[in-house]
There are 2 protein chains.
Amino acid sequence: MIYTKGNIEDLDIITKLKPINSVTGIKPANLIGTINNEGQTNLAVFSSIVHLGSKPALLGFISRPQTAEVGHTFRNIQENGYYTINHIQPDFVKNAHYTSAKFDSKISEFKRCNLSEEYNGDFKAPFVKESTFKMGMKFKEAIDIKLNGTILVIGEIEHLIFPDTAMVDNDIDLEVTNSVGISGLNSYYSLSKIEKYPYAEVTEVPEF
Amino acid sequence: MIYTKGNIEDLDIITKLKPINSVTGIKPANLIGTINNEGQTNLAVFSSIVHLGSKPALLGFISRPQTAEVGHTFRNIQENGYYTINHIQPDFVKNAHYTSAKFDSKISEFKRCNLSEEYNGDFKAPFVKESTFKMGMKFKEAIDIKLNGTILVIGEIEHLIFPDTAMVDNDIDLEVTNSVGISGLNSYYSLSKIEKYPYAEVTEVPEF
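In what follows, the accompanying structure is described. (Residues numbered from 1 in each chain as written. Chains lettered and ligands numbered in written order. Predicted model: local features only at pLDDT ≥ 70, side-chain atom pairs only at ≥ 80, totals over all residues. Heavy atoms only, no water.)

**Quick word on unusual backbone geometry**
Residues and elements named next belong to chain A.
Item 1. The linkage connecting Lys55 with the following residue, Pro56, adopts the cis geometry, with an omega of 0 degrees.
Item 2. With respect to the secondary-structure elements, Pro56 resides in the loop between β5 (50–54) and β6 (57–63).
Item 3. The backbone of Asn114 shows a phi angle near 60 degrees, a positive value even though the residue is not glycine.
Item 4. The residue Asn114 is located in the loop between α5 (109–112) and β8 (117–118) in this model. (Helix = DSSP H or I, 4+ residues; strand = E, 2+ residues; numbered from the N terminus.)

**Details of the sheet that holds strand β15 (residues 187–196) of chain A**
The strands that make up a sheet are held in pairs by hydrogen bonds between backbone atoms, and each pair lies either parallel or antiparallel.
Item 1. Read across the sheet, six strands follow the order β2(A)-β14(A)-β15(A)-β15(B)-β14(B)-β2(B) without closing on themselves; strand pairing throughout is antiparallel. Each edge of the open sheet carries a strand with a single partner, namely β2 (27–28) of chain A together with β2 (27–28) of chain B.
Item 2. Sheet analysis places β15 of chain A next to strand β15 (residues 187–196) of chain B, joined by nine bridges and oriented antiparallel. Within β15 of chain B, the position partnered with Ser187 of chain A by the bridge is Lys196 of chain B. (Pairing = 2+ DSSP bridges.)

**A look at the relation of the copies chain A and chain B**
Item 1. The transform that puts chain A on chain B rotates by 180 degrees and translates by 0.0 Å along the axis, for an RMSD of 0.0 Å. What we have between these two chains is a two-fold relation. (Least-squares fit on C-alpha atoms with pLDDT ≥ 70 in both.)

**Points about the interface of chain A and chain B**
Item 1. Listed by partner, the interface residues are 103 residues for chain A and 103 residues for chain B.
Item 2. Where chain A abuts chain B, roughly 9,800 Å² becomes buried across the two surfaces, and 64% of that area is made up of carbon and sulfur atoms.
Item 3. Interface area lost by chain A to chain B is led by Met1, Tyr197 and Phe208 of chain A, which between them contribute 8%.
Item 4. For the pair chain A and chain B, the interface holds two salt bridges.
Item 5. Across the pair Glu207 of chain B and Arg112 of chain A runs a salt bridge, and its minimum N-O distance is 3.5 Å. (Contact = heavy atoms within 4.5 Å. Buried area = accessible area lost by both parts, 1.4 Å probe. Salt bridge = Lys/Arg side-chain N within 4 Å of Asp/Glu carboxyl O.)

**Quick word on the packing of aromatic side chains**
Item 1. Scanning all chains against the criterion turns up 16 aromatic pairs over all chains.
Item 2. Measuring from ring centre to ring centre gives 5.2 Å for Phe133 of chain B and Phe162 of chain B, while their planes differ by 15 degrees; the resulting arrangement is stacked. Of this pair, Phe133 of chain B sits in the loop between β9 (127–128) and β10 (134–145) while Phe162 of chain B sits in the loop between β11 (150–161) and β12 (167–168), and the two are 29 residues apart along the sequence.
Item 3. With relative accessibility at 0%, the residue Phe133 of chain B sits in the buried group.
Item 4. One aromatic cluster in this structure is built from Tyr98 and Tyr188 of chain A together with Tyr197 and Phe208 of chain B. (Phe/Tyr/Trp six-rings, centres within 6.5 Å; stacked < 30°, edge-to-face > 60°. Buried < 20%, exposed > 50% of the residue type's maximum accessible area, 1.4 Å probe, protein only.)

**Examining the environment of Asn76 of chain A**
All names here are of chain A.
Item 1. Checked against the element boundaries, Asn76 lands in helix α3 (residues 72–80).
Item 2. With relative accessibility at 8%, the residue Asn76 sits in the buried group.
Item 3. Considered as a pair, Asn76 and Thr34 are 42 residues apart in the sequence and their alpha carbons are 6.1 Å apart.
Item 4. Those residues within four positions of Asn76 in sequence are excluded, and the remaining contacts are Thr34, Ile35, Asn36, Gln40, Asn42 and Gly81.

**Focus: the environment of Val93 of chain A**
Item 1. Examined against the element boundaries, Val93 of chain A turns out to sit in helix α4 (residues 93–98).
Item 2. Each C-alpha atom, one on Val93 of chain A and one on Val180 of chain A, is 8.5 Å from the other, the two residues being 87 residues apart in sequence.
Item 3. Setting aside chain neighbours within four positions, we find Val93 of chain A in contact with Ile88, Val180 and Tyr188 of chain A together with Ile194 and Tyr197 of chain B.

Given below as C-alpha cells:
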C-alpha cells in the first residue's frame, strides 16, 4: 500500500486517524496520574512518553491541544507540579484503556475504571497501586509545538519503583515487568525478548 | 526496588544510563535514512520516534546533543530537508543495531551494516529496501530542549509504504508487519496482540 502526501490529505479524518496513529510502530503503554489543588484526581492513558536524557533523568510526553474536555492531566500538572507515570500490565489493560474516555473533570478515572490511588510518603501525585513499575515525576518545562498546537511536557524522575527481579544484566527486562505496548489508539501487545546485543562500539562491529 | 532522586543522581553514569533508558517501557524500533548534498548516505537506529498529530501527519524524534561523532542524521536533514523512517524487522535486527556505532561520517552504515539503499521516484532520502514499512518525511521544524541540549526534530509524512495485508479492521496490525520494539539501548522484543478495544466513548464505558 503506497500513500503519497496528496492522498493522505484527501482521506477522511476518521479513516486516516487510526493508521497515522500506528505508523511509528509500537508505543509504550502508560497511565499518568495527577491531582489538582482541590484533591480531585485524574488518570489517563498516554502512549507518547519518550526518554529525553539520563543525566538529569528526563522524560517527555505529548499533551493534545487543550479544550474543556481534553487536557485535565496537563492542567493538574501546571497546578501542582507533580505527576506519576505507571506501566500498564495485562491484568488491568481494559481498566486502563477506558481512562481514555472524555470523562467530566469532576469524575476520577481511578474510581470509574476501578484502579487504586496509592500515595508514597509526601509525594503529591497519586500512583496506580495495581502497577508494579511506576515513577514519581517533577514537572520541569512545557514546550509549545506551534505546528499543531500540541505541547511537549517535560519532567524529571524523582522516584523510580519496580520489582527487584526486573533488573537483569544491569538492564530492565520488560518481559519480567510484564509491561505492554500500544499500537494506534486501542490495540495492546505483549512483549517477548528476541535479542540483546552489546553496546555498539565501532571496533567491535561484526562483518556483515 | 525503590530509587529516590538523591540516589538516582549518585549512581555512576554507566550503571545509571541503561535502566533510565528503559523506564518508559517498550519503544518503537526504527531506522532513519538520510543523505547529504555530496551524496553521502547515513543510517541510524532511533527509538524516540513519537506521533505528534494526524492532520497534518507529524512525527517527531529526539536528536542527541550535536558533537563531531554524534548527529549526522540531523545534520543531513538540515542540509537537504528530507529523511526516511523505516520499521526494523526481525530478519535485520542485528544489522540495524550496529548502525548505532559511532562510525566516521564518511562511512555509510547502509554499506557497513549490509542494508540496501532504495530510492523512490524523486524523493531525496534513501529508504531501507529490507524494511516493508517505511515513510518518506519532510523536515518541518527543530525545537531546542534547553534542559539537556537535545533537539525535537519534527517532520511531515509525505510517503507511507506498507504491505496491503497489514491493514486489519482499518488499523495497522504490528504482528502482520512484523515490527519490533526496543528496550533501553540494546534489547529487542517481538510483539503479540493481546487485546483490541473500541474507541472509548463515555457512554460506552463498562462497569468495573
